[in-house]
Amino acid sequence: MHIELSDEQRLLQDSVRQFAEEVVRPRAKEIDESGEFPRQFFAQAGELGLAGVTVPERYGGAGMDPLSYSIVIEEISRVCASSGVILSVNNSLVCDPILKFGTEEQKEAFLEPLAAGETLGCFALTEPEAGSDPAAIRTTAVRDGDDYILTGNKVFITSGTDADVAIVFATVDRELRHKGITAFIVPADTPGYSHGSHEYKLGVNASGTTELAFAEMRIPVSQRLGEEGAGFKVAMSALDGGRLGIASQAVGIAQGAFEEALEYSAQREQFGRPIGEFQAIQFYLADMSTEIDAARLLTWKAAWAKGSGRRFSLEAAQAKLFASEMAQRVTSKALQIHGGYGYIREYNVERYFRDARIAEIYEGTSEIQKMVISNWVLQNT
Ligand code: CAA
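Residues numbered from 1 in each chain as written. Predicted model: local features only at pLDDT ≥ 70, side-chain atom pairs only at ≥ 80, totals over all residues. Heavy atoms only, no water.

Undergrad: Any chance you could break down the pairing of strand 4 (residues 165-171) for me, citing the residues and the numbers?
TA: Consecutive side chains of a regular strand alternate in pointing toward one face of the sheet and then the other. Summarising burial for strand 4: seven of the seven residues are buried, a large majority. The side-chain alternation of strand 4 yields two buried faces, one formed by V165, I167, F169 and T171 and the other by A166, V168 and A170. As paired elements, strand 1 (residues 121-124) and strand 4 share four bridges and run parallel to each other. Following the sheet pairing, A124 is matched in strand 4 by V168. Sheet analysis places strand 4 next to strand 5 (residues 181-187), joined by seven bridges and oriented antiparallel. Residue pairing in the sheet places F169 in a bridge with A183 of strand 5. (Buried < 20%, exposed > 50% of the residue type's maximum accessible area, 1.4 Å probe, protein only. Helix = DSSP H or I, 4+ residues; strand = E, 2+ residues; numbered from the N terminus. Pairing = 2+ DSSP bridges.)

Undergrad: Residues and numbers for the side chain of E315, please.
TA: For E315, the location among the structural elements is in helix 8 (residues 313-338). The class for E315 is buried, based on a relative accessible area of 9%. Residue contacts for E315: discarding those within four places in its chain leaves K301, A302, A305 and R310. (Contact = heavy atoms within 4.5 Å.)

Undergrad: With reference to specific residues and values, describe the packing of aromatic side chains.
TA: Taken as a whole and judged by the stated rule, the model has seven aromatic pairs. Here Y148 and F184 contribute two aromatic rings whose centre-to-centre distance is 4.9 Å and whose plane-to-plane angle is 65°, an arrangement assigned as edge-to-face. Of this pair, Y148 sits in strand 3 (residues 147-157) while F184 sits in strand 5; the two residues are 36 residues apart in sequence, bridging distant segments of the chain. A cation sits over an aromatic face here: R329 above F322, 5.8 Å from the ring centre. (Phe/Tyr/Trp six-rings, centres within 6.5 Å; stacked < 30°, edge-to-face > 60°. Lys NZ or Arg CZ within 6 Å of the ring centre and 35° of its normal.)

Honestly, it's all geometry; don't read function into it.
Okay, structure coming up:
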């Protein structure tokens, strides 16, 4: 494992940072307040290859490695966590499973426009009664000749308000639990497909979270992703990549908050000198920078493990667990350094503090990550 970035990765980091500063930062505060979905940002990100970072160029992507993907999500999230999660979901929960499990026809029809940022994807797994336990989903898929009829409801779907395509998980037999789950690629204009209104949340407010409803949608067998009954593994392996994305998002949020705190501590004067000259503040900054680096290293390790081609559930869960909890601590300290100013909307730090909270919840709560880690550790010792 190399912990130095290659020249190509540094170049990517610089160009994504520039894009984030010039295009994403100016609207980050406004879209957090309005909840407007940043569709234009997504199209521009697609033109730069950021919608399908690891997808080979022949399928419309940038053909880069998972560490490059992590760098992209960190840099975007450093200025706007909503934009970070929209990209993360499109890359790892939509493009990745189509690349890994899709047929050539599915890659041509769906992956190419998704990876190019021409269409936007969402991942429809969670249901009102099935969050941490997705094997309990109730959306049904009933075979009817060359089609399946899908009926059910999904909740908390990131980008659900604006997605053109959804990866939908349904069960062909609830009694079979995870062995009945089957994945489908479903265009949002399919008759019977509808989405709810934008959920107003504590943070990542522009990420278009909503409900989806499927009323007897007729989906051809050619849009089934993987074998019948193999959908749980499609979901879980996509979520391994998704957790790498959320770990990268959490590192980006923490880095953004840290930079705000560093700047503020040099400007704000109390007792006749900048507060950054007090050891109490310096020790906060020392802890924050150490924790961010530790989380980034775990995240890069997960990216490296993904790049090796083997299953990397352990590394992804460890990175997401640590990075999301680290982002809580770091954004809280950044707010504390700002004192009362940190608590008002004028300063970005309260947005970072709110945005960090979801990283411990979506794509598997911290408690689920601990289940994945402990299962792995217990089975391999
Ligand atoms: N890759 C490949 N296969 C996997 C796998 C992985 N990462 N994880 C499990 N599997 C396989 C297992 O090997 C097993 O296979 P066999 O049947 O051949 O033995 C099968 O799947 C079942 O595995 P488990 O018995 O471990 O499954 P479980 O029901 O106990 O669940 C769990 C394990 C880790 C708790 C899992 O349910 C889980 O991750 N839950 C959290 C779900 C989640 O993250 N939801 C987030 C929703 S998406 C979201 O938030 C998106 C968004 O919009 C931002």
